[in-house]
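Summary of structural features
Residue strings, one per chain:
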Amino acid sequence: MRKKVIFKGVALPYLLLMPQLLVTAVFFFWPAGQAIYGSFLREDAFGLSREFVGFENFQDVLSDPNYLSAVWNTVVFSSSVAVIALGAALFLAVQADKAIRGADAYKTMLIWPYAVAPAVAAVLWLFMFHPQIGLFGKLINGMGIRWDYKVNGDQAMLLVILAAAWKQVSYNFIFFLAGLQSIPRSVLEAAAIDGARPVRRFWTVIFPLLAPTSFFLLVVNIVYAFFDTFGIIHALTQGGPGKATETLIYKVYVDGVQNLNFGASAAQSVVLMAIVIALTAIQFRFIERKVHY
Amino acid sequence: MFRRTMMAGAVALGLAAAPAMAQQQPVEIQFWHGLTQPLGGMLEGFANEFNQSQNRFRVVASFRGSYPETMVAAIAAFRAGQAPHVVQMFEVGTGTMMAAGRAIKPLHELLAENNVQIDFNDYLPAVRGYYSLADGRMMSMPFNSSTAVVFYNKDAFRRANLNPDSFPETWEGLEQAARALRAGGSTCPMTTAWPTWVQVEQFSAIHNVPLASQGNGFGGLNAELRINNPAMVRHLDNLVRWQREGLFRYGGRDGAADALFPSGECAIIFASSGLRARIQREAQFQWGVAMLPYYQGTTPINSIIGGASFWTMNRGPNASRSADEFRGVAEFFRFLAQPEIVRRWHVDTGFLPVRQSVFQAVEQSGFYNQNPGADIPIRQLLRGGGQMTENSMGIRLGGFVEIRTIIQEEMERAFQGQQTAEQALNNAVQRGNVVLRNFERQNRGS
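Analysis parameters
Residues numbered from 1 in each chain as written. Chains lettered and ligands numbered in written order. Predicted model: local features only at pLDDT ≥ 70, side-chain atom pairs only at ≥ 80, totals over all residues. Heavy atoms only, no water. Helix = DSSP H or I, 4+ residues; strand = E, 2+ residues; numbered from the N terminus. Buried < 20%, exposed > 50% of the residue type's maximum accessible area, 1.4 Å probe, protein only. Contact = heavy atoms within 4.5 Å. Areas by Shrake-Rupley, 256 points an atom, 1.4 Å probe, with all protein chains shown as cover. Lys, Arg positive; Asp, Glu negative; His and termini not counted. Charge placed at Lys NZ, Arg CZ, Asp CG, Glu CD. Expected span 1.5 Å × (residues − 1). Arc of directions from axis to C-beta. Pairing = 2+ DSSP bridges. Salt bridge = Lys/Arg side-chain N within 4 Å of Asp/Glu carboxyl O. Buried area = accessible area lost by both parts, 1.4 Å probe. Polar contact = N/O pair within 3.5 Å; in protein donor to acceptor, adjacent residues only side chain to side chain. Nonpolar A, V, L, I, M, F, W, Y, C, P; charged D, E, K, R; others polar. Core = buried A, V, L, I, M, F, W, Y, C linked by side-chain atoms within 4.5 Å. Domains from an automatic or database assignment. Axes fitted to C-alpha atoms, helices over the stretch in contact; angles between N-to-C directions. Left-handed = near helix turned anticlockwise from the far one by under 90°. pLDDT = per-residue confidence, 0-100. Parallel < 35°, antiparallel > 145°, perpendicular 65-115°, else oblique.

**Let's talk about the overall build of chain A**
Scanning chain A from terminus to terminus reveals 13 helices and two strands. Across the 293 residues of chain A, 45% fall into the buried class. At a minimum sequence separation of 6, the contacts of chain A that also span at least 24 residues come to 65%. As displayed, chain A offers around 16300 Å² of accessible surface, 70% of which is attributable to carbon and sulfur atoms. Taking the 22 positively charged and 16 negatively charged side chains of chain A as two groups, their mean positions are separated by 14 Å.

**A few points about helix H2 (residues 39-53) of chain B**
Residues and elements named next belong to chain B. With 15 residues, H2 extends 21 Å from end C-alpha to end C-alpha; this agrees with the ideal 21 Å at 1.5 Å per step. Among the residues of H2, those classed as buried are Gly40, Leu43, Phe46, Ala47, Phe50 and Asn51. Considered in projection along H2, the buried side chains sweep an arc of 145° and stay on one side of the axis.

**Re the pairing of strand S3 (residues 86-90) of chain B**
Looking along a regular strand, one sees the side chains alternate between the two faces of the sheet. All names here are of chain B. With five of five residues buried, S3 is to be regarded as a mostly interior element. In terms of strand pairing, strand S1 (residues 27-33) meets S3 through two bridges, oriented parallel. The residue of S3 that forms the bridge with phenylalanine 31 is valine 86.

**Brief notes about the pattern of salt bridges**
Tallying each qualifying case throughout the model produces 42 salt bridges over all chains. Here Lys154(B) makes a salt bridge to Asp165(B), at a shortest N to O gap of 3.4 Å. Here Asp165(B) lies in the loop between helix H7 (154-159) and helix H8 (171-183) and Lys154(B) lies in helix H7, a separation of 11 residues in the sequence. The structure contains a network of salt bridges with shared partners spanning Lys243(A), Glu246(A), Glu409(B), Glu410(B), Arg413(B) and Arg431(B).

**Comments concerning the interface of chain A and chain B**
Frequently, the measure chosen for interface size is the accessible area that the parts lose on association. Listed per partner, the contact involves 36 residues of chain A and 37 residues of chain B. When the two sides are added together, the surface that chain A and chain B hide from each other amounts to roughly 3200 Å², 54% of it contributed by carbon and sulfur. Interface area lost by chain A to chain B is led by Phe46(A), Leu48(A) and Val151(A), which between them contribute 24%. The interface formed by chain A and chain B holds four salt bridges in total. Between Arg441(B) and Glu51(A) there is a salt bridge, with its nearest N and O atoms 3.5 Å apart. Viewed at the interface, chain B and chain A are joined by 12 residue pairs in polar contact (both at pLDDT 80 or more). Partitioned by chemical class, the residues of the side of chain A that touches chain B number 11 nonpolar, 13 polar and 12 charged.

**Considering the environment of Leu139(A)**
Take Leu139(A): it is sitting in helix H6 (residues 135-142). Residues Leu139(A) and Pro241(A), spaced 102 residues apart in sequence, show a C-alpha to C-alpha distance of 22 Å.

**Thoughts on helix H13 (residues 323-336) of chain B**
Three- or four-residue spacings in an α-helix give side chains the same orientation, since the helix completes a turn every 3.6 residues. For H13(B), with 14 residues, the first-to-last C-alpha span of 20 Å sits near the 20 Å given by 1.5 Å per residue. H13(B) sits mainly inside the fold: 10 of its 14 residues count as buried.

**What to know about the nonpolar core**
The nonpolar side chains of a soluble globular protein tend to be buried, and buried together. Phe46(A), Ile268(B) and Phe333(B) are the most contacted members of the largest nonpolar core, which has 136 residues in total. The two domains that each donate at least three residues to this core are domain 1 (18-146 + 306-364) and domain 2 (148-303 + 395-443) of chain B. Membership of the second largest hydrophobic core comes to 45 residues, among which are Val81(A), Tyr149(A), Val205(A) and Ile233(A).

**Focus: the packing of helix H8 (residues 185-193) of chain A against helix H9 (residues 198-209) of chain A**
The description of two helices packed together rests on the angle between their axes and the distance between the axes. Residues and elements named next belong to chain A. Viewed as axis vectors pointing N to C, H8 and H9 meet at an angle of 145°, and their least axial separation amounts to 11 Å. Note that H8 runs across H9; the crossing there is right-handed. Contacts between H8 and H9 pair Val187, Leu188, Ala191 and Ala192 from the former with Arg201, Val205 and Ile206 from the latter. Here the contact of H8 with H9 is built from residues that sort into six nonpolar, no polar and one charged.

**Some thoughts on the confidence of the model for chain B**
All names here are of chain B. Overall, the prediction assigns chain B a mean pLDDT of 90, with 94% of residues at 70 or greater. Segment residues 9-22: pLDDT under 50, and two contacts once partners within four positions in sequence are set aside and those in other chains are kept. For this predicted complex, the interface score ipTM comes out at 0.75, alongside a pTM of 0.82.

**Some details on the packing of helix H3 (residues 65-97) of chain A against helix H7 (residues 153-181) of chain A**
All names here are of chain A. At a minimum axis distance of 6 Å, the contact between H3 and H7 shows a crossing angle of 40°. The angle between the axes of H3 and H7 places the two elements in the oblique class. Between H3 and H7 lies a crossing of right-handed hand. Tallied by class, the residues present in the contact of H3 with H7 amount to 23 nonpolar, five polar and one charged.

**Remarks on the sheet that holds strand S10 (residues 287-290) of chain B**
Residues and elements named next belong to chain B. Sheet architecture is open: five strands sit in the order S8-S7-S9-S6-S10, paired in mixed fashion. Strands at the two margins of the open sheet, each flanked by one partner only, are strand S8 (248-250) and S10. Sheet twist, expressed as the mean angle between neighbouring strand axes with direction ignored, is 25°. Summarising the sheet, strand S6 (residues 148-153) and strand S9 (residues 268-272) pair through five bridges and their orientation is antiparallel. Note that in S9 the partner of tyrosine 152 across the bridge is isoleucine 268. The sheet strands contacting helix H11 (residues 230-244) are strand S7 (190-192) and S8, and the helix crosses S8 at an angle near 100°.

Next comes the structure, spelled out in structure tokens:
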């Protein structure tokens with residue numbers, strides 16, 4: 001039987017909830033409300049004249065071919081980042097989980113990149129892959145491949161995906177490792193006694209048991225790729241060349257902050273908010289059912 | 001945006017407490033600028049000199065990030081009722097500021113109200129024209145102006161058996177020189193900084209072709225882009241072809257390509273005259289300066305300016321300034337307009353001498369003989385006898401920051417081979433016009 005804590009009166013529970021509610025209201029509901037309000041307005045940069053335009057901003061945004069290309073970029077970018085970051089982290093976690101010498105040192109080093117700020121991570125990659133001053137950039141050019149992510153959109157996309165994924169591997173690694181360590185040894189030993197080889201043990205025992213962790217990480221990674229990669233893109237490519245690496249979140253910044261087009265930027269924020277709410281709802285409703293805790 | 005407003009609000013609260021103890025204190029003039037070191041420090045030095053020259057006003061200069069960041073910060077501060085008195089605005093923001101209505105205090109009004117006289121007839125026509133209304137009234141205070149020129153590596157020219165003392169005047173001649181440089185082993189004969197500013201805006205002015213209708217926007221907010229003209233298409237087509245043939249390298253947006261020249265990587269760069277100081281400091285080879293090339297069969301005229309000017313701002317949509325504050329700004333401008341200040345800024349930084357009398361004085365002092373090429377930018381600005389056409393006065397388009405980015409993006413797509421030069425320019429015109437129409441609509445009322 002579950003034990004229930006019952007408060008006398010309503011004052012105390014509300015008081016205890018207050019800090020959290022305040023934070024949510026001030027940092028989430030208020031800005032979100034402002035964005036929705038702003039998305040129906042069109043105003044000059046200085047805020048001297050404003051005009052209520054109904055859904056015109058949304059119409060403009062959704063019929064803009066550049067917006068649609070930003071949607072496509074975001075799909076490519078986010079799915080690639082999630083797949084690479086999850087795949088690499090899982091591989092590394094499985095290796096680090098084995099009884100090897102110096103496992104702790106490996107683990108520590110694998111966790112390090114998480115402490116690196118996105119902009120710093122981007123600069124690290126810039127110094128590695130800059131076509132003229134980067135170590136690998138020069139190497140690739142030396143091998144006869146024309147590497148210049150400032151002109152080649154596909155290379156630029158590849159670079160921001162790698163940089164963003166690299167940064168997220170550590171986070172995934174920690175969770176996968178914890179997940180692996182919580183799998184009961186007896187289950188694995190039983191499988192081994194039954195004659196299952198390591199690869200088979202991984203796919204039939206370990207991977208399914210890791211599903212809750214993987215599912216959680218998938219959500220986190222997609223949200224990360226959507227929202228937290230602004231710094232990396234800004235420092236590496238600024239959305240270019242052309243608009244090859246302009247994702248939805250970067251476009252919100254370009255239109256709102258650089259171009260001072262607040263209505264369009266607000267409308268995009270609202271669309272982005274709707275996309276993320278929908279994505280999360282879908283993930284929890286359909287994918288979570290298939291996950292066995 | 002939101003966080004910025006909150007921060008501005010917090011600053012406002014802090015400031016509100018200040019006046020009580022500010023009796024007898026000099027009037028503070030907030031001055032935001034966008035120059036990194038060492039230029040920013042020199043500018044702040046001028047503010048300090050002004051503060052020491054009198055005790056009624058105190059100019060507080062502060063660095064607010066790059067030009068675009070400074071612009072965005074000032075506009076956000078205005079919306080929050082905390083705009084600086086003076087903001088340094090790059091030339092691209094001029095159209096936006098001109099249309100800003102009561103957000104700004106026009107320079108001619110400010111000076112007249114405070115009985116400050118500055119002889120703007122002494123200013124370079126290209127500078128004066130960029131910052132004035134069609135009737136000649138000045139809207140902002142010119143200060144650091146530059147233009148685009150060519151820097152070239154004389155050692156690389158020698159290696160390619162080219163005459164290091166004569167730089168080709170035409171693009172046709174330059175193409176041959178670039179081929180010779182490539183044959184001589186250069187992996188990057190030519191590159192360009194500020195792709196839009198140099199290869200589109202300057203190109204249009206020099207070749208006397210319109211960038212936009214309505215006299216490049218001077219005639220009204222209903223201007224439309226005109227950059228898909230045959231001359232421009234031909235030039236971008238050439239750049240794309242040269243890029244494919246290895247004669248030209250696209251070095252990135254804005255000033256990203258600057259680094260390619262002092263390092264010796266690229267033999268020729270089209271860049272801001274302000275790059276001079278850095279080349280002087282970093283280049284390990286002999287280098288020269290030349291005017292921007294033109295196509296055979298055209299008579300080149302003056303190039304246009306870049307750089308920034310100082311705008312006087314009102315405090316906010318619902319906040320006003322005292323007469324004393326404006327008085328302080330006017331006095332500060334009077335101080336900055338002094339020939340001695342203009343001369344020092346020019347000689348120390350490589351920016352243009354914005355006053356003609358200063359140019360003549362510096363010339364007579366023999367400075368240009370000791371620093372060959374330092375006079376090229378200004379001679380190029382005066383090319384055509386100072387008789388500017390409506391294509392070479394400058395550019396006055398609202399939302400031009402965005403339009404520049406659009407042109408760069410379309411150029412990049414052409415350089416990637418995703419579209420032809422003509423398609424790129426057509427797309428740029430189409431997308432740019434959307435920005436212009438939005439700007440027109442937003443600013444009709446104010």
